[in-house]
Amino acid sequence: MIIYKGAIRMNKDLTVGNPNQILWRYCLPLFGSVIFQQLYNIADSLVAGKFIGENALAAVGNSYEITLIFIAFAFGCNIGCSVITSQFFGARKYGDMKTAIFTTLISTAALCAVLMLIGLTCSGFLLGMIHTPANIINDSKLYLDIYVWGLPFMFFYNIATGVFSALGDSRTPFYFLAISSTSNILVDILFVKVFGMGIAGVAWATFLCQGVSALLSVIVVIRRLISVKTDEKYKFFSWRILKKILVIAVPSILQQSFISVGNIIIQGVINGFGSGVIAGYSAAVKLNNLVITSFSTIGNGMSNYTAQNTGAGKPERIHQGFRAGLKMVWIITVPFFLAYFFGGKYMLGLFMDEPTDIAIRTGIQYLCILSPCYFIVSSKLITDGILRGAGLMTNFMISTFTDLILRVTFAVILAGFFGSVGIWCAWPVGWSISTALSLIFYKKGKEKTGHGV
């Protein structure tokens, strides 16, 4: 038995109703949430580039590649908790659902403590490893150190949003992010423009705003769990359920971690071309990450949709959701492609007040090469979401590592022949081949079940 009170009514069962309509209603707030989530990083780069200078923009962008390692762990915790919680929610096992959430919160706290220790002691080493230019290394380290102190906020916020998504509620995280991200922009400008805090002001603004968002999100999650009354007993920690979570979380962490390591290797290659190329790449990659993260978030929504329907024993709805997800993500791709391919110069101008010729040229080249391939990579991320939600983690990992290995290898090789342009050409190669693999794995899973993965 389950009783809904107050906030718990916002939970949404994804196992009933028209998949096309359900996914649009469920995923659009997720898409809105990721737009605001990316405003955190975009705001940092925008304020740094506009009010501090091109070197500050390069420092934020340079540090960002290392922060992606921490984000990878937070993302894995989010997905592990979200998929398992979705399966229990779909199967109406509400006691296990509560245990899964509390188990994730406890284990995440321990993981976060370890990562903070590593981050605070090794930031200088990591920046040196990627050949950070001398003129931006101090600002890069300052930004990174403050960022590490805010890791608990990022981790617990990600767990909270994973829980909301698992319960079919994509609106609550949207509300939190809309408020906190808008506040972050204002506080960024206040700390940098008014108080003259420089790079430190950019980092502390993110720290404060994300902290408030994380605290409120966790409070709402706890209230919702209290509102769920079940006849089943639940525990605050379970090794059995932790193992289930890790089966999903560890491959997801490895996926994102190795992608981050790959990006760090690529960043090291880029750094060899000087701060002008670094600044142009830093601005363009923020725009690119906005798109990729949007697709990934919709893919996460597909994971929760698949997990709920898997738990409910309704595989026929998964393929219907796959077609609806592809249609949705391609519609979203069109405006991004048009804006970046034809208006890249103006988009980049948001980040740089008086850019050098090499910086603006680098950013335009990057966007023009990658944006036509968004239709390909979006298909991969939707398919990967289904593979992950169905628990087909081996197939998911094979596709992901293929993309990573090809991108890093071709970036290093082509940079020697074509300069920085060769690096950007590595993205379409990795995306195309790994997308083909993901679709093959999905098709095999569909044929095996007769309906969906």
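Below or above, wherever it landed, is the structure these notes cover. Predicted model, so just to flag it, every value in this text is computed and none were measured.

**A few points about the overall build of the protein**
For the protein, the helix and strand inventory stands at 14 helices and zero strands. Of the regular secondary structure in the protein, the N- to C-terminal order runs α-α-α-α-α-α-α-α-α-α-α-α-α-α. For the protein, the spread of C-alpha atoms along the principal axes amounts to about 65 × 45 × 35 Å. Here the protein holds 453 residues, and 59% of them are scored as buried. Here the protein displays about 17,300 Å² of accessible surface, and carbon together with sulfur accounts for 69% of that area. Averaging the coordinates of the 33 positive side-chain charges in the protein and doing the same for the 18 negative ones gives two points 13 Å apart.

**Side note on the pattern of salt bridges**
When the charged atoms of two side chains with opposite charge come close together, those side chains can pair. Using the criterion set out here, one finds five salt bridges in the structure. Close ionic contact of Asp 169 with Arg 224 constitutes a salt bridge, the shortest N to O distance being 2.6 Å. Here the residue Asp 169 occupies a position in the loop between α5 (151-166) and α6 (171-194), and Arg 224 occupies one in helix α7 (residues 198-227), the gap between them amounting to 55 residues. There is no split in this pair, since Asp 169 and Arg 224 are both buried.

**Comments concerning the nonpolar core**
With 61 residues, the main nonpolar core has Phe 295, Tyr 366, Trp 424 and Trp 427 as its most contacted residues. Residue contributions to this core peak at 15 residues, all from helix α9 (residues 275-311). Judged by nonpolar contacts, the second largest core, of 53 residues, contains Phe 75, Met 97, Leu 126 and Ile 245.

**Digging into unusual backbone geometry**
Negative phi is the rule for most residues except glycine; trans is the rule for most peptide bonds. One non-glycine residue, Arg 92, lies in the positive phi region at around 65 degrees. Following the sequence through the fold, Arg 92 ends up in the loop between α2 (54-90) and α3 (94-129). The class of Arg 92 is partly exposed, set by a relative accessible area of 39%.

**Re the packing of aromatic side chains**
Throughout the structure, instances matching the rule amount to 22 aromatic pairs. Ring geometry for Phe 102 against Phe 236: centres 4.8 Å apart, planes inclined by 55 degrees, an arrangement best described as tilted. On the criterion of sequence distance, the pair formed by Phe 102 in helix α3 and Phe 236 in the loop between α7 and α8 (239-271) is long-range, its members being 134 residues apart. An angle of 45 degrees between the planes, with centres 6.2 Å apart, marks the rings of Tyr 374 and Trp 431 as tilted. Here the residue Tyr 374 occupies a position in helix α12 (residues 374-389), and Trp 431 occupies one in helix α14 (residues 420-449), the gap between them amounting to 57 residues. Every member of this aromatic cluster is reached through a ring pair, and the members are Phe 295, Phe 336, Tyr 340, Tyr 374 and Trp 431.

**Remarks on the packing of α3 against helix α4 (residues 137-149)**
Relative orientation of the contacting elements α3 and α4 amounts to 165 degrees, with a least axis distance of 9 Å. For the element pair α3 / α4, the angle class is roughly antiparallel. The crossing of α3 and α4 is right-handed. Along the contact surface, α3 presents Met 116, Gly 119, Leu 120, Ser 123, Gly 124 and Leu 127, while α4 presents Ile 137, Ser 140, Lys 141, Leu 144, Asp 145, Val 148 and Trp 149. Of the residues contributing to the contact of α3 with α4, the split by class is seven nonpolar, four polar and two charged.

**A look at the side chain of Asn 300**
If you trace the backbone, Asn 300 turns up in helix α9. Relative accessible area serves as the criterion here: at 14%, Asn 300 is assigned to the buried category. In contact with Asn 300, other than residues within four places in its own chain, are Phe 75, Ile 79 and Arg 388.

**A short note on α8**
At Leu 246, α8 shows its maximal bend, which comes to roughly 35 degrees. Its side-chain oxygen 3.3 Å from the backbone nitrogen of Arg 240, Ser 238 forms the N-cap of α8.

**Examining the environment of Ser 33**
You can see Ser 33 is positioned in helix α1 (residues 19-52). Judged by relative accessible area, Ser 33 falls into the buried class, the value being 6%. Along the backbone, Ser 33 and Asn 289 are 256 residues apart, and their C-alpha atoms lie at a distance of 14 Å. Discounting residues that sit within four places of it in the chain, Ser 33 has contacts with Ser 170, Pro 173, Phe 174 and Leu 177.

**Observations concerning the side chain of Thr 104**
Within the secondary structure layout, Thr 104 lies in helix α3. Beyond its immediate stretch of four places on either side in the chain, Thr 104 contacts Cys 77, Cys 81, Ile 159 and Ile 245.

**Re a nonpolar patch on the surface**
Together, Leu 190, Val 194, Phe 195, Met 197 and Trp 204 line one region of the surface with nonpolar side chains, adding up to about 450 Å² of accessible area. Relative to the elements of secondary structure, Leu 190 occurs in helix α6. According to the relative accessible area criterion, Leu 190 is partly exposed, its value standing at 34%.

Conventions we followed
- Residues numbered from 1 in each chain as written.
- Predicted model: local features only at pLDDT ≥ 70, side-chain atom pairs only at ≥ 80, totals over all residues.
- Heavy atoms only, no water.
- Helix = DSSP H or I, 4+ residues; strand = E, 2+ residues; numbered from the N terminus.
- Buried < 20%, exposed > 50% of the residue type's maximum accessible area, 1.4 Å probe, protein only.
- Areas by Shrake-Rupley, 256 points an atom, 1.4 Å probe, with all protein chains shown as cover.
- Lys, Arg positive; Asp, Glu negative; His and termini not counted.
- Charge placed at Lys NZ, Arg CZ, Asp CG, Glu CD.
- Salt bridge = Lys/Arg side-chain N within 4 Å of Asp/Glu carboxyl O.
- Core = buried A, V, L, I, M, F, W, Y, C linked by side-chain atoms within 4.5 Å.
- Phe/Tyr/Trp six-rings, centres within 6.5 Å; stacked < 30°, edge-to-face > 60°.
- Axes fitted to C-alpha atoms, helices over the stretch in contact; angles between N-to-C directions.
- Parallel < 35°, antiparallel > 145°, perpendicular 65-115°, else oblique.
- Left-handed = near helix turned anticlockwise from the far one by under 90°.
- Contact = heavy atoms within 4.5 Å.
- Nonpolar A, V, L, I, M, F, W, Y, C, P; charged D, E, K, R; others polar.
- Bend = angle between axes of the 7 residues up to and from the residue.
- Polar contact = N/O pair within 3.5 Å; in protein donor to acceptor, adjacent residues only side chain to side chain.
- Patch = residues over 30% accessible without salt bridge, like charges linked within 9 Å, V, L, I, M, F, W, Y side chains within 5 Å.

Keep in mind these values describe shape, not function.
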